[in-house]
Number of protein chains: 2
Amino acid sequence: MATTTNSERRGWTQNPDAVKRDILTVALSEFAANGLSGTRVDTIASRTRTSKRMIYYYFGDKLGLYTRALEAAYLKVREGEASLDLDHLQPKEALARLVAFTFDHHRKNPDFIRMVMIENIHNAEHLAASQVIRDLNVAAIEKLARICQGGQDQGVFREGLDPVAIHWQISAASFFNVSNRPTFSSIFGNELFEEEAQRRIRQQTVDSILAMVAKPEATG
Amino acid sequence: MATTTNSERRGWTQNPDAVKRDILTVALSEFAANGLSGTRVDTIASRTRTSKRMIYYYFGDKLGLYTRALEAAYLKVREGEASLDLDHLQPKEALARLVAFTFDHHRKNPDFIRMVMIENIHNAEHLAASQVIRDLNVAAIEKLARICQGGQDQGVFREGLDPVAIHWQISAASFFNVSNRPTFSSIFGNELFEEEAQRRIRQQTVDSILAMVAKPEATG
DNA sequence: CCCAAAATGTTCTAACCGGTACAATTCGTC
DNA sequence: GACGAATTGTACCGGTTAGAACATTTTGGG
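Residues numbered from 1 in each chain as written. Chains lettered and ligands numbered in written order. Predicted model: local features only at pLDDT ≥ 70, side-chain atom pairs only at ≥ 80, totals over all residues. Heavy atoms only, no water.

Enquirer: Lay out the confidence of the model for chain A with the relevant residues and their values.
Expert: Model confidence for chain A is summarised by a mean pLDDT of 91, while 93% of its residues fall at 70 or above. This stretch, residues 1-10 of chain A, has a pLDDT under 50; its non-local contacts, to residues over four places away or in other chains, come to three contacts. (pLDDT = per-residue confidence, 0-100. Contact = heavy atoms within 4.5 Å.)

Enquirer: So what's going on with the UniProt feature "domain: HTH tetR-type" (unreviewed entry) in chain A? Residues and values would help.
Expert: Residues given the UniProt feature "domain: HTH tetR-type" (unreviewed entry) here are residues 17-77 of chain A. End-to-end, the C-alpha atoms of residues 17-77 of chain A are 21 Å apart, and along that stretch the chain is 79% helix and 0% strand. (UniProt positions renumbered as here; feature names shortened; annotations may be inferred. Helix = DSSP H or I, 4+ residues; strand = E, 2+ residues; numbered from the N terminus.)

Enquirer: Kindly report on the UniProt feature "DNA-binding region" (unreviewed entry) in chain A, identifying the contributing residues and their values.
Expert: With numbering aligned to this structure, UniProt lists the feature "DNA-binding region" (unreviewed entry) at residues 40-59 of chain A. Split by type, residues 40-59 of chain A is 70% helix and 0% strand. Its first and last C-alpha atoms lie 15 Å apart.

Enquirer: Requested: an account of the interface of chain A and chain B, with residues and values cited.
Expert: Taken together, the 48 residues of chain A in the interface contact 48 residues of chain B. Together chain A and chain B conceal approximately 4,100 Å² of surface at their shared face, both sides included; 67% is due to carbon and sulfur atoms. At the boundary of chain A and chain B, one finds zero salt bridges. Linking chain A to chain B there are ten residue pairs in polar contact (both at pLDDT 80 or more). A total of twelve residues in the side of chain A that touches chain B trace back to one element, the largest contributor, which is helix α8 (residues 163-179) of chain A. Of the residues in the side of chain A that touches chain B, the class split is 27 nonpolar, 15 polar and six charged. (Buried area = accessible area lost by both parts, 1.4 Å probe. Salt bridge = Lys/Arg side-chain N within 4 Å of Asp/Glu carboxyl O. Polar contact = N/O pair within 3.5 Å; in protein donor to acceptor, adjacent residues only side chain to side chain. Nonpolar A, V, L, I, M, F, W, Y, C, P; charged D, E, K, R; others polar.)

Enquirer: Residues and numbers for the relation of the copies chain A and chain B, please.
Expert: What relates the two chain copies is a rotation about an axis together with a slide along it. The two copies are related by a screw operation: chain A maps onto chain B through 180 degrees of rotation and 0.0 Å of translation along the axis, at an RMSD of 0.1 Å. Accordingly, the operation relating the two chain copies is best matched by a two-fold axis. Both copies present the same face, since 100% of the interface residues in chain A are matched by interface residues at the equivalent positions in chain B. (Least-squares fit on C-alpha atoms with pLDDT ≥ 70 in both.)

Enquirer: If you had to explain the environment of A94(A) to someone new, which residues and values would you point to?
Expert: Residue and element names in this part refer to chain A. Mapped onto the fold, A94 is located in helix α5 (residues 91-108). Along the chain, A94 and L144 lie 50 residues apart, while their C-alpha atoms are 9.2 Å from each other. Look past the residues within four positions of A94 in its chain and what remains in contact with it is L86, L89 and I147.

Enquirer: Which residues make up helix α1 (residues 16-34) of chain B, and what are the values?
Expert: All names here are of chain B. Taking 1.5 Å of rise per residue, the 19 residues of α1 would be expected to cover 27 Å, and the 26 Å separating its terminal C-alpha atoms lies within 8% of that figure. Buried within α1 we find V19, D22, I23, L24, V26, A27, L28, E30, F31 and A32. Tucked inside the fold, the buried residues of α1 contact α2 (41-46), α3 (52-59), α4 (62-82) and α6 (110-121). Looking one or two places after α1, you find G35, whose phi comes out positive at around 80 degrees. (Expected span 1.5 Å × (residues − 1). Buried < 20%, exposed > 50% of the residue type's maximum accessible area, 1.4 Å probe, protein only.)

Enquirer: Mind laying out the pattern of salt bridges, listing which residues take part and the relevant values?
Expert: All names here are of chain A. By the definition in use, this model includes 18 salt bridges over all chains. Ionic pairing is found between R107 and E195, a salt bridge with its closest N-O pair at 3.2 Å. Highlighted residues: R107 in helix α5 and E195 in helix α10 (residues 195-213), separated in sequence by 88 residues. The exposure class of E195 is partly exposed, given its relative accessible area of 46%.

See below:
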């Protein structure tokens, strides 16, 4: 071994944050792809610039890493949602935009969808432990609640709307569209998931939600 | 039960069909509960009246058993659907019944839902291999297609309806309602999943579908 | 009654996999 | 520049798990 100047060293460079981020990124992708029990810690480690040792050093155990990856998925997706500003729009337009955005956003974040699917398989027991995630989702509902309130104040939405129920409807369509694509297209073909059909479905979803919140007598 | 002449025997009674059924029932419940990689063959065996040996004897390997369990889940659920007779009803009433039935039926078959979720996590690669399942689902669509055709013939449904797209809408609501209950209720509470709220959601789903297929000008 | 094939019991194993022990290096700080 | 704490490298282990080997019993047919 030659005398080391700079580039060739016997040691290494410490960089805790980068290491954590590296691990978390790989972990998210692996867990999303293979599920909790389907994922191998060794596989995560090998895709990392660091080693298995560091996974256990920073995240304790496999479950700890999974939980943090789940949080990371939520954080990333909610971050994207924050970019949507609806406050200057009229209620109907705001709601339409929100629905269309959610539909598209879910499509663009399949890893997030898969993590939620996996959590549901596990009865949401790890999500339940995360206060971070609860806060993020409550924030999402508040945006919807403001729109509903605005629409009711202006008399264009019917009374007694339940923001959570509306969120349920929006999520059902947007989520299912991504989560069940494999089985659905395997059985019925891929047509429904090509661009034009997806636009139609999205529009249909928007229309359904708008019809749901509209005042019974007001058609316009 | 087979006739047992002697209760104390050195040997045993052969019963291939019962053994297969026993294994398959337990396997379905285990796979639905724990996923493909989360399920232990030994656990299945222990819940069975037979042994691990027989699992491999009849089903080859873990994947073979899983695939058969998946088929069994589809068969069971489609069997339940067959009990629904809509041919004597008017199109709108028939469609309303079909939607409400699907909604309830999914709720009553969480194991089936979970198997489909698991399949989707695995990108439907095992389902793709099963011709049985494809046939079953195509049959389900035909029922819906008949209703659509009837409604169009009578002029109460609009033209150009796509039965697969309608099936998508029905499934999205009915499926999501079961599949995402854990995460959803963990975040927003359990209210939406109590009986009365569920009735409301079901009605809302029925109404949405009916509105979707209705002729634009015809309100009645 | 006998025999081959089907069905079942019992025992074992090789690979895998989450996690750890132990050692070495780096870094902040005094 | 030394020292303790934080970080990283390397090698290993013990339990688990899918599956196989080998032995035995049952069953149906001639």
